[in-house]
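Here are the chains, one letter per residue:
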Amino acid sequence: MQFRPAWQRLLPFLDWLPRANRDTLRVDAIAGITVALVAIPQSLAYAQLAGLPAYYGLYAALVPTVVGALFGSSAQLSTGPVALTSLLTAASIAPLAASGSEQYIAYTIALAMLSGFFQIAFGVMRLGVLMNLLSHPVLMGFVNAAAILITLSQIPSLFGVPPASTGHALGDAWQILRRLDEAHGYSLGFGVSAVAILMAFRRFAPNMPGVLFAVAVLTVLSYYLGYAGHGGRVVGEIPRGLPGFALPVADWNAWVALLPASFVIAVISFMEAMSSAKIASIKTATKWDENQELIGQGLAKVAAAFSQTMPVSGSFSRSALNLALNARSGMASLACALCVLLTVLYFTPLLKHLPQPVLAAIIIMALTNLINFRSLRNAWRASGDDAVAAILTFCTTLAFAPQIQNGIFAGVLVSLSLFIYRRMRPQVEVAEPGSESLARDLPAEVPQALRGAIGVVRFDASLVFVNASYFEAAVLGLEAAHPALRFVLVSAHSINRLDASGVEMLSNLGDGLRKKGIALVFSGVNTQVYEVLDRTGLATRIGAKNFFPDDQAALAALAERAAGPSPG
């Protein structure tokens, strides 16, 4: 990580805000206004997904968007409500309070505060690199399962079917699917129409704001048809004015109960933001600081809590739009927040008759960018371990819904366990005395009787505490199977690290073999490993004559020594 001055870490916006000029302001303003046209209806939809009144999404797209832009490191990252974080929020609060209740809202605000504190702590401690513990296959397994759950959760709103309450997301979905004949006709019409409009725009006019068009047309239609009067659900009255600023209020037991969920939201939401920032960094050839972005995203969540709203994150779709519109700096996000502010202050009456099925359609269509079963197939092709972790995460997330954070915990645990297991049992190639592979490397003049005196062990990993015993077992197995063995050559080209456990094992192994008249010999030892051997005195005990630059030199020398007296 490059060195950054203290003022730049504390106030990163001073790096770009003073540089704004007429050209950059024009480009950023266009990008910000365009993103706002998408962000406003999306924010309403994602608040509904989080189990909150729709207008809370507007609050989440206001102050948190400004804070994320000012204190983050990516010029194109758009902060605000997103589908995945909204789903995690709903899943985390649902067991604690009734959706939409005052207690539910209080817990949601507390969740924003806690997850923000986690991210700030990660950034301050420079732990951004630890986000890599969440592997891509695990993340994809979780995202695909979460996308399915989000889709199923929106069926009642999309078709006007009464929601079920079996205590399990998949059970709820099954009960709802069995009652599709009870669908509300008007709701079904608005939901299907919204999906059709969004699909048409995606197919024929992908650069046009299809979401805005669908919302505008169907809201006007809802008003003239009297949709609400026919039993349809609409957004309803939205309070005018800015949200109040206050400390989150929740009881101590709730804060403790929300800690695991807030940790998961901190990690998952940052992974989503990090993917957007990485793509923008690559395409614009600019640098970004993952630790600074952690702080920026954490402060945005804390700002959301003080704004009395839901957790936020970096939006993949809106960030991609910023990138496509060539946004130059965080001014684009400030322009977007200004548009949201004007909407909150003056235009909220226009949203009163917006049908809830339209918001459900927006959420479902946004999920098509998240669902990617090809990533699971690629994980299978790349590595069996990755495939196991991805599939287990996918299945566990579905099985434990609505407690979907358990899927992440299970996936990370399995992937780390498999990683450690593979490091405990790395690839070891043993060329046994008299084998064809060893015969090809030995000089042709070596007598057949001497060829059984030399064995080779190639160890393809660092020699550390987790695998030292595995290496020892391979050498002892070679020695036990060949009584005439006089030399064990360790081909150490791939051993790039040696710790104290490895040194102790090599010392004891060398002593034990020496008592049996067998010499432990090394070839291709790199500088770093040899320095460890030298500092611990083991290099002296092994002896300079038992170190060789490569396998060929070692085998030629050992062939000569095999004709002499026992090396022990």
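In case you missed it, the structure is sitting above this.
Residue positions are given per chain, counted from 1 along the sequence in the order it is written. Given that this is a predicted model, residues contribute local features only at a pLDDT of at least 70 and side-chain atom pairs are listed and counted only at 80 or more, while totals for whole chains, interfaces and linings are drawn from all residues. Hydrogens and water are ignored here; the side-chain numbers use all heavy atoms of the structure.

**A few points about the overall build of the chain**
Right, on to step 1. Each helix is a run of DSSP H or I of at least 4 residues and each strand a run of E of at least 2, with the numbering of both proceeding from the N terminus. Within the chain one finds 26 helices and 7 strands.
Right, on to step 2. We compute the radius of gyration over the C-alpha atoms and compare it with the globule rule, which gives 2.2 Å times the number of residues raised to the power 0.38. Rg of the C-alpha trace for the chain: 31 Å, well past the compact-globule value of 24 Å for 568 residues, more than 25% over.
Right, on to step 3. For the C-alpha atoms alone, the extent of the chain along its principal axes is close to 105 × 60 × 50 Å.
Right, on to step 4. For the exposure calls, accessible area comes from a 1.4 Å probe over protein chains only, and a residue counts as buried if that area is under 20% of its type's maximum, exposed if over 50%, partly exposed in between. For the chain, the proportion of its 568 residues judged to be buried stands at 53%.
Right, on to step 5. Residue contacts follow a heavy-atom distance rule, with two residues in contact if any of their heavy atoms lie within 4.5 Å. A fraction of 80% describes how many contacts in the chain between residues 6 or more apart in sequence connect residues 24 or more apart.
Right, on to step 6. Positive and negative side-chain charges of the chain, numbering 37 and 31 respectively, have mean locations separated by a distance of 6 Å. Charge counting treats Lys and Arg as positive and Asp and Glu as negative, with His and both chain ends excluded. Working definition for charges: the position is that of NZ of Lys, CZ of Arg, CG of Asp or CD of Glu.

**Concerning a nonpolar patch on the surface**
Right, on to step 1. Residues enter a patch when their relative accessible area is above 30% and they make no salt bridge; the linking distance is 9 Å between like charges and 5 Å between nonpolar side chains (Val, Leu, Ile, Met, Phe, Trp, Tyr). The Shrake-Rupley method, run with a 1.4 Å probe sphere, supplies the accessible areas, and residue values consider only the shown protein chains as cover. For this document, the term salt bridge refers to a Lys or Arg side-chain nitrogen within 4 Å of an Asp or Glu carboxyl oxygen. Judged by side-chain polarity, Leu338, Leu342, Tyr346, Phe347 and Leu350 come together as a nonpolar surface patch covering roughly 530 Å² of accessible area.
Right, on to step 2. On the basis of relative accessible area, Tyr346 is assigned to the exposed category, the value being 52%.

**Notes on the packing of helix 5 (residues 83-93) against helix 7 (residues 136-153)**
Right, on to step 1. At their nearest, the axes of helix 5 and helix 7 sit 10 Å apart, and the two run at 70° to each other. One finds that helix 5 runs roughly perpendicular with respect to helix 7. Seen from helix 5, the contacting residues are Ala83, Leu84, Leu87 and Leu88; seen from helix 7, they are Phe142, Val143, Ala146 and Ile150.
Right, on to step 2. Polar here means any residue outside two lists: the nonpolar Ala, Val, Leu, Ile, Met, Phe, Trp, Tyr, Cys and Pro, and the charged Asp, Glu, Lys and Arg; Gly therefore counts as polar. Classifying every residue of the contact of helix 5 with helix 7 gives 8 nonpolar, no polar and no charged. To get an axis, fit a line to the C-alpha atoms, keeping to the stretch in contact for a helix; angles then go from 0 to 180 degrees between the N-to-C directions. In this scheme, roughly parallel covers angles under 35 degrees and roughly antiparallel covers those over 145, while 65 to 115 is roughly perpendicular and the rest are oblique.

**With respect to unusual backbone geometry**
Right, on to step 1. Backbone geometry places Ala285, a non-glycine residue, at a positive phi of 55°.
Right, on to step 2. Relative to the helices and strands, Ala285 resides in the loop between helix 12 (252-284) and helix 13 (290-306).
Right, on to step 3. By relative accessible area, which is 71% here, Ala285 ends up exposed.
Right, on to step 4. Despite not being glycine, Gln308 has its phi angle at roughly 60°, a positive value.
Right, on to step 5. With respect to the helices and strands, Gln308 occurs in the loop between helix 13 and strand 2 (313-315).
Right, on to step 6. Overall, the relative accessible area of 24% leaves Gln308 in the partly exposed class.

**Notes on the packing of aromatic side chains**
Right, on to step 1. Ring geometry is summarised as follows: Phe, Tyr and Trp rings, the Trp one being its six-membered ring, pair when their centres sit within 6.5 Å, and such pairs are stacked at plane angles under 30 degrees, edge-to-face over 60 and tilted between the two. Overall, the coordinates contain 14 aromatic pairs when judged by the stated rule.
Right, on to step 2. Pairing Tyr56 with Tyr59 gives two aromatic rings, centres 5.9 Å apart and planes at 65°, and the pair type is edge-to-face. Within this pair, Tyr56 and its partner Tyr59 are both found in helix 3 (residues 56-60), separated by 3 residues, close to a single helical turn. Like Tyr56, the residue Tyr59 is buried in the burial classification.
Right, on to step 3. Joined through ring pairs, the aromatic side chains of Tyr55, Tyr56 and Tyr59 make up one cluster.

**Looking at the pattern of salt bridges**
Right, on to step 1. Scanning all chains against the criterion turns up 8 salt bridges.
Right, on to step 2. Two residues, Asp15 and Arg19, come together in a salt bridge whose shortest N-O distance is 3.3 Å.
Right, on to step 3. Judged by relative accessible area, Asp15 falls into the partly exposed class, the value being 27%.
Right, on to step 4. On the accessibility criterion, Arg19 (59% relative accessible area) is exposed.
Right, on to step 5. Here Arg458 ties to Asp551 by a salt bridge, and the two come within 3.7 Å at their closest N and O atoms. Taken together, the residues Arg458 in strand 4 (residues 454-459) and Asp551 in helix 26 (residues 551-562) connect sequence positions 93 residues apart.
Right, on to step 6. Residue classification places Asp551 among the buried residues on the basis of a relative accessible area of 9%.

**A look at helix 22 (residues 468-481)**
Right, on to step 1. Each helix should span, by expectation, one fewer than its residue count multiplied by 1.5 Å. Taking 1.5 Å of rise per residue, the 14 residues of helix 22 would be expected to cover 20 Å, and the 20 Å separating its terminal C-alpha atoms lies within 8% of that figure.
Right, on to step 2. Where helix 22 is concerned, the buried positions are Ala468, Phe471, Ala474, Val475, Leu478 and Glu479. Down the axis, helix 22 shows its buried residues gathered within 135° of arc, on one side only. Residues of helix 22 that are exposed and point more than 90 degrees away from the buried face comprise Ser469 and Ala480.
Right, on to step 3. Packing partners of the buried residues in helix 22 comprise strand 3 (428-431), strand 4, strand 5 (487-491) and helix 23 (500-515). The directions considered for the arc are those from the helix axis to the C-beta atoms.

**Comments concerning the sheet that holds strand 6 (residues 519-523)**
Right, on to step 1. Reading across from one edge, 3-4-5-6-7 is the order of the 5 strands in this open sheet, with mixed pairing throughout. Looking at which strands have only one partner, the edges of the open sheet turn out to be strand 3 and strand 7 (547-548).
Right, on to step 2. Pairing analysis gives 5 bridges linking strand 5 to strand 6, with the strands arranged parallel. Following the sheet pairing, Leu489 is matched in strand 6 by Val521. Criterion used throughout: strands pair if DSSP finds at least two bridges between them.

**What to know about the state of the cysteines**
Right, on to step 1. Cysteine sulfur atoms are paired as a disulfide whenever they fall within 2.5 Å. Per the counting criterion, the structure on display carries 0 disulfides.
Right, on to step 2. Considering cysteine sulfurs only, Cys339 is the nearest to Cys336, which forms no disulfide, with 6.6 Å between them.

**Observations regarding the packing of helix 4 (residues 63-71) against helix 13**
Right, on to step 1. In the contact formed by helix 4 and helix 13, the axes pass within 8 Å of each other and the chain directions differ by 160°. The angle between helix 4 and helix 13 places the two elements in the roughly antiparallel class. At the point where helix 4 passes helix 13, the crossing takes the right-handed sense. Here Val63, Pro64, Val67, Gly68 and Phe71 of helix 4 come into contact with helix 13, specifically with Gln292, Gly296, Leu299, Ala300, Ala303 and Ala304. Helix crossings get a hand from a simple test, with the near helix turned counterclockwise from the far one by less than a right angle marking a left-handed crossing and a clockwise turn marking a right-handed one.

**Examining the nonpolar core**
Right, on to step 1. The criterion is simple. A nonpolar core is a set of buried Ala, Val, Leu, Ile, Met, Phe, Trp, Tyr and Cys residues joined through side-chain atoms within 4.5 Å. Judged by nonpolar contacts, the single largest core of 103 residues is most densely connected at Leu134, Phe142, Ile268, Leu359, Ile362 and Ile404.
Right, on to step 2. With 13 residues, the top contributor of residues to this core is helix 12.
Right, on to step 3. Contacts of Ile404, omitting those with residues within four sequence positions, involve Leu87, Leu88, Ala91, Phe142, Leu149 and Thr397.
Right, on to step 4. The next biggest cluster of nonpolar side chains, apart from the first, holds 29 residues, and it includes Val457, Phe471, Val490 and Ile495.

**With respect to the side chain of Asn322**
Right, on to step 1. As for its position among the elements, Asn322 is in helix 14 (residues 316-324).
Right, on to step 2. Those residues within four positions of Asn322 in sequence are excluded, and the remaining contacts are Ala31, Val35, Gln76, Ser78, Ala327, Ala332 and Ser333.

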